[in-house]
Amino acid sequence: MYDAQLSKEQEEYLDALNKQEIAKKDLDGVTVQRDRVSRELQEMKGEAEKLLAIYKEQDELLASVFDGKYGSDQEYKLESELDMLLDRKQRISAARYKWHNARVLMHHACNQLAFACRRWQDLRNVRGDNMQVRYHVATETRNNLIAAAQNITSAQRYLNTITFPYCTQQEVVTLSNATNNIYTDMQKADRQAHALQCYTITHRRAAALIQWFDHVLATTIEKDLKASATLASNKDKQLREERLRLMMVKVREVLGSEVEMDLSEDDNNVEEADDIEQELAEFTEADKVSLAEDLPTHQDGGTDQDTTDGGETAPVTTGNELMPGNAEDRGPSPLPLNELAPPPTQEDLFGDIEELKRQHEKEMEELQKAQELNKARLDQGLQEKLRARRSRRARQQAQEEAVSQVATA
């Protein structure tokens, strides 16, 4: 009775110690992410200020050429259309960046889950009386599960507007709960099997999520980005030609002669869609086994696989990476495309792009009304001038007739 009570207290102590270390690892991971985001924010702030300075210089140059106004209604129209296309392209480019980074995180999470599953299976080959190695193997498994859960959570943060069809937040909670009980689960074969089933299912769904990412990137995001980049490039070319034409008119008015200008495109103007941004996602690595030294151990025993043929102790992996050519090679088979979850909607991927179109159409309608109003005013002024001209001609004719009558008399 006393031994059973002591064993139960030791089990509770190990579970509490495990939860404490998991919480500390989560806190450390969040702290690292916070610091990384702060550094990236400062770098992006400097790049944004440089870009704003370039735009300001361009606006000042155009204002000096066209006296603070648009050179023509066509220039205004082309610039508005280009702004809309660039905004759409920027949204799609930002979506691609997030999805690529989320995929990088899921790739590492999938590898860590694969290693954890294989390492947990190795536990069956360790003799029950060799507690030190058993704790060591369980801790390696636990560290990889923690790292995988953190990487999945980071991927969810990258795509916070997307509902994951696999590896949902609830599934991550289930995985974390299983990780909390890992030292209890390792004590009995039935609990080991149940825990392995949880890890394996999560691994399969992580692989399915990566496949889903690849499908969405290839069939939607990349195609839309290429199309939007082409449209923006063509519209930018039209705006450039219109501004150069207006500048030639301006120069002719000042100098009174034609000026030759090169209207050909710059060969160095490469479409941004062809440049794949370097992934900047920083993934969480599994910690090396450190807790095993602090855990209570029983009298050393052997394992079925802990010695080499020469009698030397076999090296134990740290858990930071996959064993070469094993776990990843035995990964889950890809799902058929007809079984994959449907892709997200355009609004979920890129935001409300239709609102941009509606705003652009409204601006074009206002421009059309302004043009019609200006035309009506010009027509009205022309009619008044014509009436005044006819009135002058009538007075001149009347005067000529009166002069003629006086001369005849």
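Residues numbered from 1 in each chain as written. Predicted model: local features only at pLDDT ≥ 70, side-chain atom pairs only at ≥ 80, totals over all residues. Heavy atoms only, no water.

Asker: So what about the overall build of the protein? Which residues, and what values?
Answerer: For the protein, the count of helices and strands is 8 helices and 0 strands. Listed N to C, the secondary structure of the protein is α-α-α-α-α-α-α-α in terms of helices and strands. Residues classed as buried in the protein amount to 34% of the 409 residues present. Within the protein, contacts between residues separated by at least 24 positions form 87% of all contacts whose residues are at least 6 apart in sequence. Just so you have it, the protein exposes about 26,000 Å², and 50% of that area is on carbon and sulfur atoms. (Helix = DSSP H or I, 4+ residues; strand = E, 2+ residues; numbered from the N terminus. Buried < 20%, exposed > 50% of the residue type's maximum accessible area, 1.4 Å probe, protein only. Contact = heavy atoms within 4.5 Å. Areas by Shrake-Rupley, 256 points an atom, 1.4 Å probe, with all protein chains shown as cover.)

Asker: Would you mind going over the pattern of salt bridges in detail, with residue names and values included?
Answerer: Throughout the structure, instances matching the rule amount to 12 salt bridges. The closest approach of N and O atoms between Arg-243 and Glu-79, which form a salt bridge, is 2.5 Å. Here Glu-79 lies in helix α2 (residues 73-122) and Arg-243 lies in helix α6 (residues 189-255), a separation of 164 residues in the sequence. The same class applies to Arg-243 and to Glu-79, which are both buried. Glu-140 is the partner of Arg-119 in a salt bridge, and the nearest nitrogen-oxygen pair spans 2.5 Å. Taken together, the positions of Arg-119 in helix α2 and Glu-140 in helix α3 (residues 131-158) put the pair 21 residues apart, joining distant regions of the chain. Comparing Arg-119 with Glu-140 shows no difference in burial state: the two are buried. Look at the salt bridges and you will find they share partners, linking Glu-75, Glu-79 and Arg-243 into a network. (Salt bridge = Lys/Arg side-chain N within 4 Å of Asp/Glu carboxyl O.)

Asker: How would you summarise the environment of Thr-230 if you had to cite specific residues and measurements?
Answerer: The topology assignment puts Thr-230 in helix α6. Accessibility expressed as a relative area gives 32% for Thr-230, which makes it partly exposed. Along the primary structure Thr-230 and Leu-85 are separated by 145 residues, whereas in three dimensions their C-alpha atoms are 9.8 Å apart.

Asker: Pulling in residues and values, what's your account of the nonpolar core?
Answerer: A general feature of soluble globular proteins is that nonpolar side chains tend to end up buried together. If you look at the biggest cluster of nonpolar residues, it comprises 54 residues, and the most contacted ones within it are Trp-99, Met-106, Trp-120, Tyr-199, Trp-212 and Phe-213. For this core, the element with the highest residue contribution is α6, accounting for 15 residues. Discounting chain neighbours no more than four positions away, the residues touching Phe-213 are Trp-99, Ala-102, Arg-103, Met-106, Leu-159 and Phe-164. (Core = buried A, V, L, I, M, F, W, Y, C linked by side-chain atoms within 4.5 Å.)

Asker: How would you summarise unusual backbone geometry if you had to cite specific residues and measurements?
Answerer: Positive phi outside glycine occurs at Cys-167, with the angle close to 55°. In this structure, Cys-167 sits in the loop between α3 and α4 (169-180).

Asker: So what about the packing of α3 against α4? Which residues, and what values?
Answerer: Where α3 meets α4, the closest approach of the two axes is 10 Å, and the angle between their N-to-C directions is 160°. Taken together, α3 and α4 sit at an angle that is classed as roughly antiparallel. Seen from above, α3 lies across α4 with left-handed handedness. Contact with α3, carried on its side by Arg-142, Leu-145, Ile-146, Ala-149, Ile-152, Thr-153 and Gln-156, involves Gln-169, Val-172, Leu-175, Ser-176 and Thr-179 of α4 and no other residues of that element. (Axes fitted to C-alpha atoms, helices over the stretch in contact; angles between N-to-C directions. Parallel < 35°, antiparallel > 145°, perpendicular 65-115°, else oblique. Left-handed = near helix turned anticlockwise from the far one by under 90°.)

Asker: Provide a residue-level description of the environment of Pro-342, including the pertinent values.
Answerer: With respect to the helices and strands, the residue Pro-342 is situated in the loop between α6 and α7 (346-350). With relative accessibility at 65%, the residue Pro-342 sits in the exposed group. Placed 126 residues apart in sequence, Pro-342 and Val-216 show a C-alpha to C-alpha distance of 8.9 Å.

Asker: A description of the packing of aromatic side chains should follow, citing residues and the corresponding values.
Answerer: Taken as a whole, this structure holds 6 aromatic pairs when the rule is applied. Where Trp-99 meets Trp-212, the ring centres are 5.5 Å apart and the plane angle is 50°; that geometry is what we call tilted. Here Trp-99 is found in helix α2, whereas its partner Trp-212 is found in helix α6, with 113 residues between them in sequence. By relative accessible area, Trp-212 is classed as buried at 2%. With 5.7 Å between their ring centres and 80° between their planes, Phe-164 and Phe-213 make a pair best called edge-to-face. Within this pair, whereas Phe-164 is found in the loop between α3 and α4, its partner Phe-213 is found in helix α6, the two being separated by 49 residues in sequence. By the ring-pair criterion, three or more aromatic residues cluster together here, those being Trp-99, Phe-164, Trp-212 and Phe-213. (Phe/Tyr/Trp six-rings, centres within 6.5 Å; stacked < 30°, edge-to-face > 60°.)

Asker: Summarise α6; cite the residues concerned and give the values.
Answerer: For α6, spanning 67 residues, the distance from its first C-alpha to its last is 94 Å, which sits close to the expected 99 Å at 1.5 Å a residue. Taken from the residues just after α6, Gly-256 is the one with a positive phi, measuring 75°. (Expected span 1.5 Å × (residues − 1).)

Asker: Report on the packing of α2 against α3, specifying residues and quantitative values.
Answerer: Relative orientation of the contacting elements α2 and α3 amounts to 160°, with a least axis distance of 8 Å. With respect to α3, the axis of α2 lies roughly antiparallel. At the point where α2 passes α3, the crossing takes the left-handed sense. The class makeup of the residues in the contact of α2 with α3 is 17 nonpolar, 7 polar and 3 charged. (Nonpolar A, V, L, I, M, F, W, Y, C, P; charged D, E, K, R; others polar.)

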